Amino acid sequence: MSKNKILILFSHPLYEKSNANKALVENIPFSQHITFHDLYEEYPNFDIDVLREQEILSQHDIIIWHHPMYWYSCPPLMKQWIDMVLEHGWAYGKKGNALKGKIIFQLITTGGNKENYCETGSDRFTIPDLLEPFSQTSKVCNMDYLPPLVFHGTHNMNQDDYDRIGLVYRNLLNYMENNDLDTNEISQSHYLNDWFALKNS
């Protein structure tokens, strides 16, 4: 079986201050089929090379938008990336089929705890509710949008927690690289974490 090629589009304007995201990035498996693409490293002046980004996208099967929850959305550079790279006639529209059938999901970190993200919590909405614009963007581009991989409570994590989330991420990437994914089955879960935990139970 051919391996899935995975593109991690990483966007964190304060990466050097995020121990949780460092733990996640450091646990990305070394593989010729996994590409780590740090947008703030590549485009510190927000001058995105659209054709280059489109070429990178075309070479991968699974796309991951990896970013912190930033005022209930993504950091500004990732929003600019979405606005510029997903062009009409390429990503969507009558002739825009370049991304059709590709799998995409988000890896989200939040400082707040999971119980905050519900109707009765301090953040009022669930994470999937807040990510609906990304889901709809993916659907307009004919991509298969999966539930997010979410790590909550990063402000209160210790080294054991960093090790734990890093291991979850590494194991998930290894699985996704080497297995066919049933997107219908995965989409039944609230979080990708939940599906993967059941897969390994």
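Above this text you will find the structure in question.
The paragraphs below set out a description of the structure included in this document. Source: prediction; values computed, not measured.

Thoughts on the pairing of strand E4 (residues 103-109)
Within E4, seven of the seven residues are buried, which leaves the element mostly enclosed by the surrounding structure. The pairing of strand E3 (residues 62-68) with E4 spans seven bridges and is parallel. When the sheet's bridge partners are listed, Pro-68 is paired in E4 with Thr-109. Traced from E3 through helix H4 (residues 76-85) to E4, the parallel crossover comes out right-handed. Pairing between E4 and strand E5 (residues 144-145): two bridges, direction parallel. Looking at the pairing, Ile-104 lines up with Tyr-145 of E5. In terms of strand pairing, E4 meets strand E6 (residues 149-151) through three bridges, oriented parallel. Note on E6: the bridge partner recorded for Leu-107 is Leu-149.

With respect to the pattern of salt bridges
Evaluation of the coordinates by the stated rule reveals four salt bridges. Salt-bridge contacts for Arg-52 lead to Glu-42; the nearest nitrogen and oxygen are separated by 3.1 Å. In this pair, Arg-52 is assigned in helix H3 (residues 50-58) and Glu-42 in helix H2 (residues 39-42), connecting sequence segments ten residues apart. Look at Arg-52 and you get partly exposed, because its relative accessible area is 34%. The salt bridge involving Lys-79 is made with Asp-83; its shortest N-O contact spans 2.7 Å. With a gap of four residues between them, Lys-79 and Asp-83 both fall in helix H4, about one helical turn apart. Judged by its relative accessible area of 42%, Lys-79 is partly exposed. Three or more residues joined by partner-sharing salt bridges are found here, namely Glu-42, Arg-52 and Glu-53.

Rules and cut-offs
Residues numbered from 1 in each chain as written. Predicted model: local features only at pLDDT ≥ 70, side-chain atom pairs only at ≥ 80, totals over all residues. Heavy atoms only, no water. Buried < 20%, exposed > 50% of the residue type's maximum accessible area, 1.4 Å probe, protein only. Helix = DSSP H or I, 4+ residues; strand = E, 2+ residues; numbered from the N terminus. Pairing = 2+ DSSP bridges. Right-handed = clockwise from strand over helix to strand, strands pointing away. Salt bridge = Lys/Arg side-chain N within 4 Å of Asp/Glu carboxyl O.

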